[in-house]
Amino acid sequence: MCECKLSEGAKAKFAELDAFIDGLGINAKDDRRRGYLIQVLHKAQDIFGYLPREVQKHVADKLVLTEAQVSGVVSFYNYFTTDPKGKYCVNVCLGTACYVKGSEKVLSEIERVLGVKADTVPTADGLFSISALRCVGACGLAPVMVVNGKVYGKVTPAKAVEIINEYKAKG
Amino acid sequence: MSDVTVKINGKQVSVPSGSTILEAAQKLNINIPTLCYCKDLGCGVSNKPASCRICLVEAAGIRPRPVLVPACATPITNDRVEVWTNSQRALNARRTVLELMLSDHPKNCLTCPKNQDCELQKLAAEFGISDIEFKGEVNHFPIDDSSEAIMRDLSKCIMCRRCETVCNKVQTVGTLTGVGRGFSAKVGTASMIPLADTSCTFCGQCVNACPVGAITGISYVKKVWNAINDPTKTVIVSTAPAVRVAVGQEFGFEPGTPITGKLVAGLRALGFDKVFDTDFAADLTIMEEGTELLGRLKSGKNLPILTSCCPGWINFIEHNFPDLLHIPSSCKSPQQMFGAIAKSYYAEKMGIAPKDLIVVSVMPCQAKKYEAARPEFSHDGVRDIDYVVTTRELCKMFREAGVNLANMNDEEYDNPLGESTGAAVIFGVTGGVLEAALRTVKSIVTGKDLVADAINFRAVRGLDGVKEATVEITPDVKVNVAVASGLGNARKVLEMVREDPNRFQAIEIMACPGGCINGGGQPYLHGHRDLLDKRMAGLYLEDANKPRRMSHQNPDIKKLYDEYLGQPGSEKAHHLLHTHYHQK
């Protein structure tokens, strides 16, 4: 891809990814490069927040795979996303325990105050994206919401809004 | 490897340990239906993901109790295995599998391009499916008709993944991949971008591999009919070499039989004004390419020369080997040479304006449709080749018009673009273009006609994927040549060239394994790869029966140079018959 069009921030991100891939010590003739693909994609998603086509192409070039091979793997795993996420990923559990404890109302309230639907686009300010997920293994705390890995238990719609507002204040 | 004995439906058979149940059953002539399984998709690459489960059989001796296993992927490794291919349990399981598959498959067979050529439809008929119990969700994917050559209707995809295997393992093109997971899984492109935006070469091997109507060719048949019926247009047609040995099987002839005369008669019956032969342009190609080869051998520059007849292969090198774009011959393919000559020399001779002369070519190929649409092959909005129809599509035109080739009397091609030599006929099989070039080059360099067996360059014949030989032109001049068919083999040979540019002086490459006889537009093999041997034999038979077997002996080619082009390699010849390549 044409590096000259990239912003300084994006350049630094690609450099970080390249350093990671180079550190694996594999070359074009090494069959292990396919085995490393998932690990590299995890790293790439950590760095970029998501896996747009440019990043997939870059990974393909670096690992001497076809773009289709990379894209196929990305499309298979739920964890990988090709859409940008907000700075804060708000996940609401809709597993059985959380559901019967009213997590759907929590989710609707979060969708209402943020003005975007779950598993679609981030908020206009880029701060939040919402996802629904199934069981995080904390059923005793149901209903549960998770923000960037931090778990909040026994959430009510009102409490959820307070949590959202805390993150909003942080910016 | 030791043999094991297995009992299938009560009959015993001995097979090498590790053979599959399917292989053992075939030895006993017991039929087990298959769908995703394909023994040889080309170059010996098989497809057996065991994903469709239509070959389920009941087997004892594998687990403590009899179980259902896929016959295509279950090896027999001990003497205790007993198999029932048609027990009630096996038949019920297969019916359920088929009904589940059909529940998420469009039922519009009547209007499907694969109607009567579809393996899923055939199974539904064989199973006598009258009702599909499962009324569940159905996938709807948009149709991709972004390219000039290949259409993908993924709502029909059954995830057999044959196309993916042929694209990645046989052709090493790497355009297709499994996309998504579970119910909505399909075979697509990277990020599901349109095929036209990918590195697809349009070789069409995925079209040949697809058991259903998910991947087919883009059809220009309607436009051809409209042109034929337009009184203001003169419509001429030319036939590629490999068509004549493939078309017969659709009309009850022994596969591989060359039925050139009947093909000509059939095309005339369809209403084409003139019926010409792409072989004429193949002879012309040899005049130009032979001259180019001699020039490069003399100067020692830009070697090895690579043949440039095959548009799938040209797409491949443009996408994958931009550093080698100076070595393919600058000659246009025979199809494009034919178009250029038809719209200049012939149009002038007949006093027809190029826009009123419609040139149709019948090709064994999908990539030819893409090639004909390349912008460099149009002038002032008039294309050199207006429409391409494949051998398969032509067969449908014959049927639609009630033309049965079996009932036609042989007729001759029209002149002046219908005369050809044996050298041109063998363009249709891997090794043929190189052999044709060697015949003319050797004859011109030595100043002697090649007689008797000296005209047959057997070292470059056969269906092997890569052939290498050293050919003596004169006792002092020997050239190292290579022939590759199948793009995976092309990649291997090009990597050899990158490593050692002096290893070969001339290389022929064809995108499809076996060459045009196995092109992406040929009548389906349906797993019978022996048809390729028969088509190959048909071409060499036609060659042997030709009165002239070297391109430079073609009297109408001589006349074309005398009247119009001057010498091979002349400025006018370069303008009309040569092209250039672009990195993609």
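Since we're looking at a predicted model, the values are computed, not measured. (Residues numbered from 1 in each chain as written. Chains lettered and ligands numbered in written order. Predicted model: local features only at pLDDT ≥ 70, side-chain atom pairs only at ≥ 80, totals over all residues.)

A tally of helices and strands in chain A yields 8 helices and 4 strands. Counting from the amino terminus, chain A carries its helices and strands in the arrangement α-α-α-α-α-β-α-α-β-β-β-α. Each principal axis of the C-alpha atoms in chain A carries an extent, and together these give about 55 × 30 × 25 Å. When each of the 171 residues of chain A is scored for burial, the buried share is 26%. Across chain A, every contact between residues at least 6 apart in sequence was considered, and the portion connecting residues at least 24 apart equals 57%. (Helix = DSSP H or I, 4+ residues; strand = E, 2+ residues; numbered from the N terminus. Buried ≥ 20, exposed ≤ 12 C-beta atoms within 10 Å, placed from the backbone. Contact = placed C-beta atoms within 7 Å.)

Another point: the nonpolar core. Across soluble globular proteins, you tend to see nonpolar side chains buried next to one another. Among the nonpolar cores identified, the biggest contains 170 residues, and Val57 and Trp313 of chain B are the most heavily contacted of them. When near neighbours in sequence (up to four residues on either side) are disregarded, valine 57 of chain B contacts Ile21, Ile32, Val69, Ala71, Val83, Trp84, Thr85 and Ala90 of chain B. Counting 17 residues, the second largest nonpolar core, distinct from the first, contains Val92, Ile110, Val144 and Ala160 of chain A. (Core = buried A, V, L, I, M, F, W, Y, C linked by C-beta atoms within 7 Å.)

A few words on the packing of helix α7 (residues 103-114) of chain A against helix α8 (residues 157-170) of chain A. Angle between the axes and distance between the axes: these two values describe a pair of packed helices. Residue and element names in this part refer to chain A. Closest axis-to-axis distance for the α7/α8 pair is 9 Å, and the angle between their directions is 40°. As judged from the angle between their axes, α7 and α8 are oblique. Considering how the two elements wind past one another, α7 and α8 form a crossing that is right-handed. Of the residues in α8, those touching α7 at Lys105, Val106, Glu109, Ile110, Val113 and Leu114 are Pro157, Ala160, Val161 and Ile164. Residues of the contact of α7 with α8, tallied by class, amount to 8 nonpolar, no polar and 2 charged. (Axes fitted to C-alpha atoms, helices over the stretch in contact; angles between N-to-C directions. Parallel < 35°, antiparallel > 145°, perpendicular 65-115°, else oblique. Left-handed = near helix turned anticlockwise from the far one by under 90°. Nonpolar A, V, L, I, M, F, W, Y, C, P; charged D, E, K, R; others polar.)

Here the focus is the pairing of strand β3 (residues 56-60) of chain B. Residues and elements named next belong to chain B. Relative to strand β4 (residues 67-70), β3 runs antiparallel, the two sharing 4 bridges. What sits directly across from leucine 56, in β4, is proline 70. Summarising the sheet, β3 and strand β5 (residues 82-84) pair through 3 bridges and their orientation is antiparallel. Within β5, the position partnered with alanine 60 by the bridge is glutamate 82. (Pairing = 2+ DSSP bridges.)

Here the focus is the domain arrangement of chain B. Residue and element names in this part refer to chain B. Domain boundaries assigned for chain B yield domain 1 (3-101), domain 2 (111-130 + 139-217) and domain 3 (222-577). The C-alpha centroid of domain 3 is placed 43 Å from the C-alpha centroid of domain 1. With 5 residues of domain 1 at the contact, the number on the domain 3 side is 7 residues. A breakdown of the residues in the side of domain 1 that touches domain 3 according to their chemical character gives 2 nonpolar, 1 polar and 2 charged. (Domains from an automatic or database assignment.)

This part covers the sheet that holds strand β3 (residues 145-147) of chain A. Residue and element names in this part refer to chain A. The 4 strands are arranged β2-β1-β3-β4 in an open sheet whose pairing can be described as mixed. Edge positions in the sheet fall to β2 (128-133) and β4 (150-152), since each of these pairs with one other strand and no more. Each adjacent strand pair in this sheet contributes to an overall mean axis angle of 20°, direction not counted. Across 3 bridges, the pairing between strand β1 (residues 88-93) and β3 is antiparallel. Directly across from valine 90, in β3, lies its bridge partner valine 147. Against the sheet, α7 contacts β1, β2 and β3, and its axis sits at roughly 150° relative to β1.

Moving on to the interface of chain B and chain A. With 11 residues of chain B at the contact, the number on the chain A side is 9 residues. Grouping the amino acids of the side of chain B that touches chain A by side-chain chemistry returns 3 nonpolar, 7 polar and 1 charged.

The next subject is the pairing of strand β11 (residues 274-277) of chain B. Residues and elements named next belong to chain B. Side chains Lys274 and Phe276 project from β11 onto one buried face, and the interleaved Val275 and Asp277 project onto a second face that is buried too. Sheet topology places strand β10 (residues 234-239) next to β11; 4 bridges connect them, and they run parallel. Bridging across to β11, threonine 239 finds its partner in aspartate 277.

Looking now at unusual backbone geometry. Where the residue is not glycine, phi is negative for most of them; where a peptide bond is considered, it is trans in most cases. With an omega dihedral of -10°, the bond running from alanine 142 of chain A to proline 143 of chain A counts as a cis peptide bond. Of note, the amide linkage connecting leucine 303 of chain B to proline 304 of chain B takes the cis form, showing an omega dihedral of -5°. Mapped onto the fold, proline 304 of chain B is located in the loop between α8 (278-299) and β12 (305-306). Phi is positive for valine 64 of chain A, which is not a glycine, with a value near 50°. Along the chain, valine 64 of chain A falls in the loop between α4 (53-63) and α5 (67-76). The backbone of serine 191 of chain B shows a phi angle near 55°, a positive value even though the residue is not glycine. Residue classification places serine 191 of chain B among the buried positions, given that 20 C-beta atoms sit within 10 Å.

Our next topic: the sheet that holds strand β17 (residues 466-472) of chain B. The strands that make up a sheet are held in pairs by hydrogen bonds between backbone atoms, and each pair lies either parallel or antiparallel. Residue and element names in this part refer to chain B. Ordered by their spatial adjacency, 4 strands build an open sheet running β12-β19-β18-β17, and the pairing between neighbours is mixed. In this open sheet, the two strands that pair with only one neighbour each are β12 and β17. Note: strand β18 (residues 478-485) against strand β19 (residues 506-510), 5 bridges, orientation parallel. Considered in β19, the bridge of alanine 484 is made with isoleucine 509.

Residue and element names in this part refer to chain B. Along helix α17 (residues 555-565), the residues classified as buried are Ile557, Leu560 and Leu565. The buried residues of α17 occupy an angular sector of 50° when projected down its axis, which confines them to one face. Of the residues in α17, the exposed ones pointing more than 90 degrees away from the buried face are Pro555, Lys558, Asp562 and Glu563. Considering only its buried residues, α17 is in contact with α8, α10 (334-350) and α18 (571-577). Glycine 566 sits one or two residues past α17 and shows a positive phi near 85°. (Arc of directions from axis to C-beta.)

For the rest of this paragraph, the subject is helix α16 (residues 530-544) of chain B. Residue and element names in this part refer to chain B. In a regular helix each residue adds 1.5 Å, so 15 residues correspond to 21 Å; α16 covers 21 Å between its end C-alpha atoms and thus fits that length. What α16 keeps buried is the set Leu531, Leu532, Arg535, Met536, Gly538, Leu539, Glu542 and Asp543. Summarising the axial view, the buried residues of α16 lie within an arc of 155°, below the 170-degree limit, and thus occupy one face. In this fold, the buried residues of α16 make contact with α7 (260-270) and α13 (422-425). (Expected span 1.5 Å × (residues − 1).)

This paragraph deals with the confidence of the model for chain B. Chain-level pLDDT for chain B is 97 on average; 100% of the residues reach the 70-or-more range. Interface confidence in the predicted complex, given as ipTM, is 0.88; pTM for the same model is 0.93. (pLDDT = per-residue confidence, 0-100.)

Our next topic: the domain arrangement of chain A. Partitioning chain A into domains gives domain 1 (3-76) and domain 2 (88-170). A C-alpha centroid distance of 31 Å is found between domain 1 of chain A and domain 2 of chain A.

Moving on, we get to the environment of tyrosine 540 of chain B. Mapped onto the secondary structure, tyrosine 540 of chain B falls in helix α16. You can call tyrosine 540 of chain B partly exposed: it has 19 C-beta atoms within 10 Å.

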